[in-house]
Amino acid sequence: MANESLKPAASLLLLLNFCMYVIVLAISAWAVNRAIDHGFIIGPGLQLPAHFSPIYFPIGNAATGFFVIFSLIAGVVGVASSIAGVSHLRSWSAESTPAAATAAIISWSLTLLAMGFACKEIELDYRNARLRTLEAFTIILSATQLLYIATIHGGGLIQA
């Protein structure tokens, strides 16, 4: 039997992470939509510029495109990881821990990758308020997801 004392902490972290991943997903989707609607437009018969990037975002700086794309991927995987975590919390057994932990570790690694681009974007400066919010959520999520992983691993290791 797994340790029941860590179940409330895991539940709280799972709910927090789910809400934050949904916010990251929403802001990233907005940024991608904005880039598609207001991105680089070229007329027929004209050449692309020499330094054209297919990940061009009219908002932010040179790191914005990579940051937004990886945040979008991390958000989708994080929401899926949270759904797997709900299944684990319902059973809270040693048999369901590996699946939930694996999904959480994958989403955490993608969140860390997005956090790296967020740090680069902060270093390059010039960005709007929504991108700053996305950066903050990504950095906070990298810590809370790690806490969630530690909690579910601790719940499976400590015997009652």
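The preceding data block contains the structure.
Rules behind the numbers
Residues numbered from 1 in each chain as written. Predicted model: local features only at pLDDT ≥ 70, side-chain atom pairs only at ≥ 80, totals over all residues. Heavy atoms only, no water. Salt bridge = Lys/Arg side-chain N within 4 Å of Asp/Glu carboxyl O. Helix = DSSP H or I, 4+ residues; strand = E, 2+ residues; numbered from the N terminus. Buried < 20%, exposed > 50% of the residue type's maximum accessible area, 1.4 Å probe, protein only. Expected span 1.5 Å × (residues − 1).

Quick question: what am I supposed to make of the pattern of salt bridges here?
This structure, assessed with the given rule, holds one salt bridge. Note that Lys120 is salt-bridged to Glu123, the shortest N-O span being 3.5 Å. Of this pair, Lys120 and Glu123 both sit in helix α3 (residues 97-124), three residues apart, which is roughly one turn of the helix. Overall, the relative accessible area of 58% leaves Glu123 in the exposed class.

What is the right way to look at helix α2 (residues 64-91) in this model?
A turn of α-helix holds 3.6 residues, and therefore any two residues three or four places apart point the same way. Taking 1.5 Å of rise per residue, the 28 residues of α2 would be expected to cover 40 Å, and the 40 Å separating its terminal C-alpha atoms lies within 8% of that figure. Count one or two residues on from α2 and you reach Trp92, which has phi positive near 45°.

Hey, could you run me through the environment of Ile23 in this one?
Summarising the element assignment, Ile23 is placed in helix α1 (residues 7-38). Once the C-alpha coordinates of Ile23 and Leu134 are considered, the two residues, 111 residues apart in sequence, prove to be 8.2 Å apart.

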